[in-house]
Amino acid sequence: MNEKDMVNDYLSVLNSSLSNYGSVISQADNQQLRQALQQIRNTDEQRQYSLYQYAKQKGYYQPAAPAQMNEIQQVKNQLSGAQQQNNQPPQMQ
């Protein structure tokens, strides 16, 4: 396995772990466990970002092109509409 594959594999593992922390933390009832998980998540977020920067610098990872302003506004409008619908009381039939 070459360096590029190892870096990308580790980035993938870190990204997957970071996605799972939110679910685990939100279900932790014990405050000490919750804080420990949050600290681990924060450390992994820093590690992921450092590795991401390294991979980007080496050309191992190419981020997606930046979104255009009209695309950003479209997503923002869709999310705002969904948020407003979720805040509406149920309608009687």
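Above this note sits the structure.
Cut-offs and rules
- Residues numbered from 1 in each chain as written.
- Predicted model: local features only at pLDDT ≥ 70, side-chain atom pairs only at ≥ 80, totals over all residues.
- Heavy atoms only, no water.
- Helix = DSSP H or I, 4+ residues; strand = E, 2+ residues; numbered from the N terminus.
- Buried < 20%, exposed > 50% of the residue type's maximum accessible area, 1.4 Å probe, protein only.
- Contact = heavy atoms within 4.5 Å.
- Areas by Shrake-Rupley, 256 points an atom, 1.4 Å probe, with all protein chains shown as cover.
- Core = buried A, V, L, I, M, F, W, Y, C linked by side-chain atoms within 4.5 Å.

A. Spatial organisation of the overall build of the protein. Scanning the protein for helices and strands turns up 3 helices and 0 strands. In the protein, the succession of helices and strands from N to C terminus is α-α-α. Considering the protein as a whole, with its 93 residues, one finds that 15% of them fall into the buried category. Residue pairs at least 24 apart in sequence account for 57% of intrachain contacts in the protein once pairs closer than 6 positions are excluded. Roughly 7800 Å² of accessible area belongs to the protein as shown, and the carbon and sulfur atoms make up 47% of that amount.

B. Molecular detail of the side chain of Asp 44. Tracing the sequence through the fold places Asp 44 in helix H2 (residues 31–58). When its relative accessible area of 10% is taken as the criterion, Asp 44 is described as buried. Here Asp 44 is in contact with Leu 14, Leu 18 and Tyr 21, once residues within four sequence places are set aside.

C. Spotlight on the nonpolar core. Judged by nonpolar contacts, Val 7, Leu 11, Leu 14, Leu 51, Tyr 52, Ala 55 and Tyr 60 together constitute the single largest core of 7 residues. Residue assignment for this core shows that the elements contributing at least two residues are helix H1 (3–27) and H2. With sequence-adjacent residues up to four places away left out, Leu 11 is seen in contact with Gln 48, Leu 51, Tyr 52 and Ala 55. Of all hydrophobic cores here, the second largest spans 5 residues; its members include Leu 18, Tyr 21, Ile 25 and Ala 28.

Spatial relationships are all this shows, so hold off on functional conclusions.
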